[in-house]
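Analysis of the macromolecular model
For reference, the chains in residue letters:
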Amino acid sequence: MDEIMNCMHCGFCLPSCPTYRETGMESYSPRGRIALMKGVANNRLKIDAEFEKNMYACLGCRACETACPAGVPYGSLIETARKAVEDKKKSDTGMPLVRRLIFNKVFPHPKRIRALGTALWAAQAAGLQGLASKTGLIRILPREMAEMQSSVEKIASPMARKKRRAYMHAAREPLYKVGLFTGCVMDVMFYETNQATANLLNKVGCDVIFVEQQSCCGALHAHAGEKDGAVDLAKRNIEAFEKAGVDFIVNNAGGCGAALKEYHHWFHDDPEWQARAMAFVAKVRDVNELLAELPPTAFTKTLNLRVTYQDSCHLAHGQGIRNQPRQLLRSIPGVELVEMNNADSCCGSAGIYNITNFDMSMQILDHKMDDVKSTKANVIVTSNPGCLLQMRQGIIRAGLQAHMEAVHIMDLLHRAL
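Residues numbered from 1 in each chain as written. Predicted model: local features only at pLDDT ≥ 70, side-chain atom pairs only at ≥ 80, totals over all residues. Heavy atoms only, no water.

A look at the sheet that holds strand β4 (residues 248–251)
- The 5 strands are arranged β1-β3-β2-β4-β5 in an open sheet whose pairing can be described as mixed. Looking at strand neighbours, the two that pair on one side only are β1 (167–168) and β5 (284–286), the edges of this open sheet.
- Pairing geometry for β4 and β5, over 3 bridges, is parallel. For Ile249, the partnering residue across the bridge sits in β5 and is Val284.
- Sitting on the sheet, helix α13 (residues 191–203) touches β1, β2 (176–181), β3 (206–209) and β4, and the angle it makes with β3 is about 150°. (Pairing = 2+ DSSP bridges. Helix = DSSP H or I, 4+ residues; strand = E, 2+ residues; numbered from the N terminus. Contact = heavy atoms within 4.5 Å. Axes fitted to C-alpha atoms, helices over the stretch in contact; angles between N-to-C directions.)

In structure tokens form, the structure reads like this:
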């Protein structure tokens, strides 16, 4: 309630909010949602379908936090509101089967995620993905999934994944021993990006450890109101990296990094775990953040590319990391960095928002692509896997596949090694 009351309803958040810009509706703005939360907290409003719709229409991009003069922690407020929604639904009807499978049976189990990744690789290797698109069979999928699958590129094979070394030694006298937070989806769909990240860290003097016992960061659970599941995953990761004894815990996904850096806020009622979480958080670094602090990378290739950078919301607004990725991009020989308008506005991905709120997501994406096109860039660079998939989809929707690509910043840096 203290945080809710800190909102002065000044309206500074309105221009920064993607859903308010698209709809002009007060209930689709940060201050409007906070007013609804206040109504529920004061028992003047019920947690009903309308309240749920307004809470889940939010992208959780946290641009409003950057704009807010009062420092209202909107991200934690929206997560708490969604937890209230889910708690009420569970008390009324229980947890739906699909939700239970996703949050309890899939994401907490890395081996099951890898098995799903192997199944997707097998489908791609057999040509089933292309065949389904050519024959129209893809239309049996829900519209949002049928459209988004076109942005999924080739998955690494099980054989390639088995070749990974658990400990990669630095190419020079080691400065630090770092544990790479691989992520759950990231390590399946963007395995090569994780490898590129490890190679870059090796190059600048870091021993890199792939900690086997790590799990999902818990962000998906927290954003979906499943806070208990998020806390369980946080405990697993804290224990895993404590045992690894690393100097830094490095990640390359803005969304995961924001969650990892906020673990200590998840243990307010547990002093022992909060102390352990604070020690964990003190070691967490986004890879852009760490690379910018270490000796310059010795690039050997000139790329000759016109590049524009799309900020990850949780990297820019959640972690305050904006300059470091741009600094790294400018250091690549031959790269011309062209800033787009509204680079730190959400692309509409927002975790699984582009599946659960497809139409709004695509509306936001199409407006984002107008800003991208104005740069005349041939590469869009991102720092988050969800943003990367979304921007690839934006390129397809805008018909720009022939002369534009979307690339994770670690992959672009790796090209120049």
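Describing the packing of aromatic side chains
- Taken as a whole and judged by the stated rule, the model has 6 aromatic pairs.
- Relative to Trp266, the ring of Tyr263 lies with its centre 5.1 Å away and its plane at 45°, an arrangement referred to as tilted. Here Tyr263 matches Trp266 in class, with each residue buried.
- Chaining the aromatic ring pairs together yields one cluster made of Phe181, Phe241, Tyr263, Trp266 and Phe280.
- The positively charged end of Arg33 is found above the aromatic ring belonging to Tyr28, 5.8 Å away from the centroid.
- Stacked on the ring of Trp273, the Lys or Arg Arg276 has its end atom at 4.1 Å from the ring centre. (Phe/Tyr/Trp six-rings, centres within 6.5 Å; stacked < 30°, edge-to-face > 60°. Buried < 20%, exposed > 50% of the residue type's maximum accessible area, 1.4 Å probe, protein only. Lys NZ or Arg CZ within 6 Å of the ring centre and 35° of its normal.)

Side note on helix α20 (residues 323–330)
- Buried residues of α20: Pro325, Arg326, Leu328 and Leu329, and no others. Along α20, the residues classed as buried sweep out an arc of 160° about the axis, all on the same side. Counted as exposed and oriented over 90 degrees from the buried face of α20: Asn323 and Arg330.
- Tucked into the core, α20 has its buried residues touching α18 (287–293), β6 (305–309), α19 (313–316), β7 (335–337), β8 (379–382) and α24 (409–415). (Arc of directions from axis to C-beta.)

Details of the packing of helix α3 (residues 30–41) against helix α4 (residues 49–56)
- Packing of α3 against α4 leaves a shortest axis separation of 10 Å and a crossing angle of 145°. Relative to α4, α3 is oriented so that their crossing is left-handed. Across the interface between the two elements, Arg33, Leu36, Met37 and Val40 of α3 pack against Phe51, Asn54 and Met55 of α4.
- The class makeup of the residues in the contact of α3 with α4 is 5 nonpolar, 1 polar and 1 charged. (Left-handed = near helix turned anticlockwise from the far one by under 90°. Nonpolar A, V, L, I, M, F, W, Y, C, P; charged D, E, K, R; others polar.)

Description of the nonpolar core
- Leu201, Val307, Leu329, Ile332, Leu412 and Leu413 are the most contacted members of the largest nonpolar core, which totals 36 residues.
- It is α24 that provides the largest number of residues to this core, a total of 4 residues.
- Ignoring any residue separated from it by four or fewer positions in sequence, one finds Ile332 in contact with Phe299, Leu303, Leu412, Leu413 and Ala416.
- Core analysis: the second largest hydrophobic core is formed by 26 residues, Ala234, Ala253, Leu260 and Tyr263 among them. (Core = buried A, V, L, I, M, F, W, Y, C linked by side-chain atoms within 4.5 Å.)

A short note on the side chain of His264
- As for its position among the elements, His264 is in the loop between α16 (254–260) and α17 (271–281).
- A polar atom in the side chain of His264 sits 3.5 Å from the side chain of His265.
- Discounting residues that sit within four places of it in the chain, His264 has contacts with Gln274, Ala277, Met278 and Val281. (Polar contact = N/O pair within 3.5 Å; in protein donor to acceptor, adjacent residues only side chain to side chain.)

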